[in-house]
Amino acid sequence: MAQQGVQLDQDQFSCPICLDLLKNPVTVPCGHNYCSRCIEQHWDQDAERGRWSCPQCRQTFNPRPVLKKNHMLADVVDRVKETALKAVPPPHCYAGPGDVACDCCTGRTQKAVKTCLQCMVSYCDAHLQPHYQCPAFKKHELIKATSKLRENICSCHNEVKKVFCRTDQQCICLLCSMEEHKGHDTILAAAERTERQNELDRSQQEIQQRLQERENDLTVLHQEVKSIYVSADRAVEDSDTILTELISSIEKTRSEVRELIRDQQKREVTRVKELRKLVEQEVTELRRRHAEQEQLSRTEDHIHFLHSYTSPPKISECTGDIIGRNVRALSYFEDVTVAVTTARGKLEHILKEEGTNISETVCRVDVLLSKPTNPETRADFLKYFRPITLDPNTAHQYLSLSEGDRKVTRESETQSHPHHPERFSEMYQVLSTEGLTERSYWEVEWSVNAHIAVAYKDIGRTGSADECGFGSNDKSWFLQCYSGMYAGGYIYSHQNTGSHVPGRVISRIGVYLDHSAGTLSFYSVEHPDTMTLLHRVQTTFTQPLYPGFWLSSFYGGEAEFCKLK
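Quick caveat, the model's predicted, so the values are computed rather than measured. (Residues numbered from 1 in each chain as written. Predicted model: local features only at pLDDT ≥ 70, side-chain atom pairs only at ≥ 80, totals over all residues. Heavy atoms only, no water.)

Novice: Explain the layout of surface pockets to me, please; I cannot follow it from the model alone.
Specialist: By rolling a water-sized probe across the atoms, one finds the places where empty space is left. Of the voids in this model, the largest pocket is the one considered here, and its volume is about 1400 Å³. Lining the largest pocket are 42 residues, and of these Glu195, Asp391, Pro392, Asn393 and Asp405 lie nearest its centre. For the lining of the largest pocket, the element with the most residues is helix 6 (residues 189-297), which contributes 9 residues. Of the residues assigned to the lining of the largest pocket, the class counts are 8 nonpolar, 18 polar and 16 charged. Within this model, the second largest pocket holds a volume of roughly 930 Å³. Around the second largest pocket, the lining comprises 31 residues; the ones closest to its centre are Pro16, Leu19, Ala189, Ala190 and Arg193. Sorting the residues of the lining of the second largest pocket by element identifies helix 1 (2-12), strand 7 (142-144), strand 8 (161-165) and helix 6 as the ones contributing at least two each. Of the residues forming the lining of the second largest pocket, the biggest block, 7 residues, is contributed by helix 6. For the lining of the second largest pocket, the class distribution of residues is 15 nonpolar, 6 polar and 10 charged. (1 Å grid on protein atoms, 1.4 Å probe; cavity = no way out; pocket = protein on both sides within 12 Å on 5 of 7 lines; lining within 4 Å. Points joined across faces, edges and corners; volume = space filled by probe spheres on them. Helix = DSSP H or I, 4+ residues; strand = E, 2+ residues; numbered from the N terminus. Nonpolar A, V, L, I, M, F, W, Y, C, P; charged D, E, K, R; others polar.)

As structure tokens, this is what we get:
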């Protein structure tokens, strides 16, 4: 545990340039500490450019500061060295798989704690002591033990790579920066690491935020699956009940029709039987009368015939009339069959139409993630506020940055920006450092004439306006804000198609991005609680979006990303 505390102290009092404990420490005006020799050599190189800057924060100084030894810090460093010499290494600190082994150990190898860039050797704590005790080793540069020692050495000059060339995107030594990389945009490797580490931290935060949102989405989807099962089971149960009731109703109708037919059959049979009985009685009477007349017609006695003969009664026709009126053509109950068939056809037609409607309704069931509600008040928008900074490497030569790289100003003279492949060379534009892929909100203060834009990272940096101008291609969108003595207003543009946007000219503009929903909205912010929608874009974003500004050709134009609490 004591060893870990000593190591921490050594790292705290290391020079950012040589990475060793401070030697003759000095403090530059911005508050950072360096070895006197290291910072003086670094500023000797900056003298060719006519400016002197801090390798860590890049603050510039003019004239060149006169540096004096920081005696208090020197005393603290001496005590750190003494503590390191007295520290006892922990026992059994042997090198294992993945550890850097000491190059001086014999027998069982100890883990190395430091690597000397002059000796090109890695040392355990015991073999490192001569570098702290012997004056001959005082100037040797020690770094954290590494197995990739050769990667830190320049193959051309056999010097330690301490500089990063942004122009060629590679680590180089100090001699390389003065020879083949002379005039390039260079920075100390430690400072570049700090910048990229900050960028990495922001990226990790974005990933963590996106991961949290996606985990929330998974929770919602899990709940959606459960809801689908519950809803589907309920729909099956309800439809079974309803259709079963319909089937029961049809069964009831069938029974009623059968009963009606049988009742009518019984009535008709009774009526016909009564008619048959009447006809049978008439047939019997007619047969009797026919027999009597037949017998009378055969007598030979004329007197008897005449004495017995009476005029035959007229045959009644009432029975025949009754039969004629009550006996119909043999259709009987066929009309019922026709009626039932007709009813069946109508019911089948209804069921077919309604069945299609039911099927289409089932197919229209579409379960998606619940769409997030859009912010309505400024307080709602501020929940998605994102601090935005501008990337100096993208700023045009006539643009200057200030306020911690949040503000850009159109200058009348070129600025001393070093060459960089991401710098806009034709258009007076600058992009942010941050790429946005989630819901984000930011506010802008502008004056004179400013184009508030978002663009993809791969938008052109050189060439015509169609290639690299904001709003002139399919990789960028902007809202132009302009004011004057007699006129002012807004213009929206994308793919070189501009349109006038009505609205009162306000110096503060709010921008809301919902990347996944494909919406980009511009608002005028008149009061702390009052926002008015100026224009909304609905599209599909395929890459992260980088906020930026285009200040046109008006001198003195300014735009600034607001810093909100």
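Novice: How should the sheet that holds strand 5 (residues 114-116) be read in this particular structure?
Specialist: Consider a sheet: its strands pair through backbone hydrogen bonds, and that pairing is either parallel or antiparallel. Spatially, 6-5-7 is the arrangement adopted by the 3 strands of the open sheet, whose pairing is antiparallel. A strand with exactly one partner marks an edge of an open sheet, and here the two such strands are strand 6 (121-123) and strand 7. Strand-to-strand twist of the sheet, defined as the mean angle between neighbouring strand axes without regard to direction, takes the value 35°. Pairing between strand 5 and strand 6: 3 bridges, direction antiparallel. Opposite Thr115, over in strand 6, you have Ser122 as the bridge partner. Running over the sheet, helix 4 (residues 125-133) touches strand 5, strand 6 and strand 7 and is turned about 110° from strand 6. (Pairing = 2+ DSSP bridges. Axes fitted to C-alpha atoms, helices over the stretch in contact; angles between N-to-C directions. Contact = heavy atoms within 4.5 Å.)

Novice: Would you explain helix 6 in this entry?
Specialist: Since the α-helix packs 3.6 residues into each turn, any two residues three or four apart lie on the same face. If you check helix 6, its first and last C-alpha atoms are 154 Å apart, about what 109 residues at 1.5 Å a residue would give, namely 162 Å. Residues of helix 6 that are buried include every one of Ala191, Glu192, Glu206, Glu224, Leu275, Arg289 and Leu296, and no others. (Expected span 1.5 Å × (residues − 1). Buried < 20%, exposed > 50% of the residue type's maximum accessible area, 1.4 Å probe, protein only.)

Novice: Would you take a moment to explain the nonpolar core for this structure?
Specialist: Across soluble globular proteins, nonpolar side chains show a tendency to be buried alongside one another. Counting residues in each nonpolar core, the largest one holds 34 residues, and the members touching the most others are Trp442, Trp477, Leu479, Ile509, Leu520 and Phe549. A total of 4 residues in this core trace back to one element, the largest contributor, which is strand 15 (residues 449-456). For Phe549, the contacting residues outside a window of four places in its chain are Leu390, Val408, Tyr428, Gln429, Val430, Val444, His451, Ile452, Phe470, Ala559, Glu560 and Phe561. Core analysis: the next-biggest nonpolar cluster, separate from the first, contains 24 residues, Ile17, Leu22, Val28 and Leu67 among them. (Core = buried A, V, L, I, M, F, W, Y, C linked by side-chain atoms within 4.5 Å.)

Novice: Looking at this structure, how should I read empty space enclosed by the protein?
Specialist: Applying the stated criterion to the full structure yields 3 cavities of 30 Å³ or more. Taken as a whole, the largest cavity holds about 110 Å³ of empty space. Forming the boundary of the largest cavity are Asp20, Leu21, Lys23, Lys81, His131, Tyr132, Phe137, Lys138, His140 and Leu142. Each residue belonging to the lining of the largest cavity can be placed in one class, and the counts come to 4 nonpolar, 2 polar and 4 charged.

Novice: Mind showing me how you'd approach helix 4 here?
Specialist: Residues Asp125, Leu128, Gln129, His131 and Tyr132 constitute the buried set of helix 4. Taken down its axis, helix 4 places every buried residue within 160° of arc, on the same side. (Arc of directions from axis to C-beta.)

Novice: Would you take a moment to explain a nonpolar patch on the surface for this structure?
Specialist: A cluster of nonpolar residues, Leu243, Leu246, Ile250, Leu347 and Leu351, forms a patch on the protein surface that exposes about 380 Å² of accessible area. Listed by contribution, the elements that provide at least two residues to the nonpolar patch are helix 6 and helix 9 (334-363). Considering the arrangement of structural elements, one finds Ile250 in helix 6. (Patch = residues over 30% accessible without salt bridge, like charges linked within 9 Å, V, L, I, M, F, W, Y side chains within 5 Å. Areas by Shrake-Rupley, 256 points an atom, 1.4 Å probe, with all protein chains shown as cover. Salt bridge = Lys/Arg side-chain N within 4 Å of Asp/Glu carboxyl O.)

Novice: Could you clarify how one ought to interpret the sheet that holds strand 21 (residues 530-538) in this entry?
Specialist: With antiparallel pairing, the 7 strands of this open sheet are ordered in space as 11-12-23-14-19-20-21. The outermost strands of the open sheet, each flanked by one partner alone, are strand 11 (399-402) and strand 21. Neighbour to neighbour, the strand axes of the sheet diverge by 20° on average, direction disregarded. In this sheet, strand 19 (residues 508-514) lies alongside strand 14 (residues 439-447) in antiparallel orientation, the contact comprising 7 bridges. In the sheet register, Glu445 faces strand 19, and the bridge partner there is Arg508.

Novice: Quick question: what am I supposed to make of the pattern of salt bridges here?
Specialist: Two side chains bearing opposite charge may form a pair once their charged atoms approach each other closely. Per the counting criterion, the structure on display carries 24 salt bridges. Taking the shortest distance from any N to any O, the salt bridge between Glu526 and Arg504 comes out at 3.1 Å. Placement of the pair is Glu526 in strand 20 (residues 519-527) and Arg504 in the loop between strand 18 (497-501) and strand 19, with a sequence separation of 22 residues. Residue Glu526 is classed as partly exposed on the basis of its relative accessible area of 29%. Under the relative-accessibility criterion, Arg504 is labelled exposed at 56%. In this structure, a network of salt bridges that share partners links the residues Arg58, Arg166, Glu192, Glu195 and Arg196.

Novice: Looking at this structure, I do not really get the confidence of the model for the protein chain. What am I missing?
Specialist: Do not read the fine detail of predicted coordinates wherever pLDDT is low. Per-residue pLDDT for the protein chain has a mean of 83; in total, 89% of the residues score no lower than 70. Summarising per-element confidence for the protein chain, the mean pLDDT is lowest in helix 1 (51) and highest in strand 22 (residues 545-550) (95). Low pLDDT, under 50, characterises residues 1-8; the predicted model gives this stretch 8 contacts beyond four residues in sequence or across chains. (pLDDT = per-residue confidence, 0-100.)

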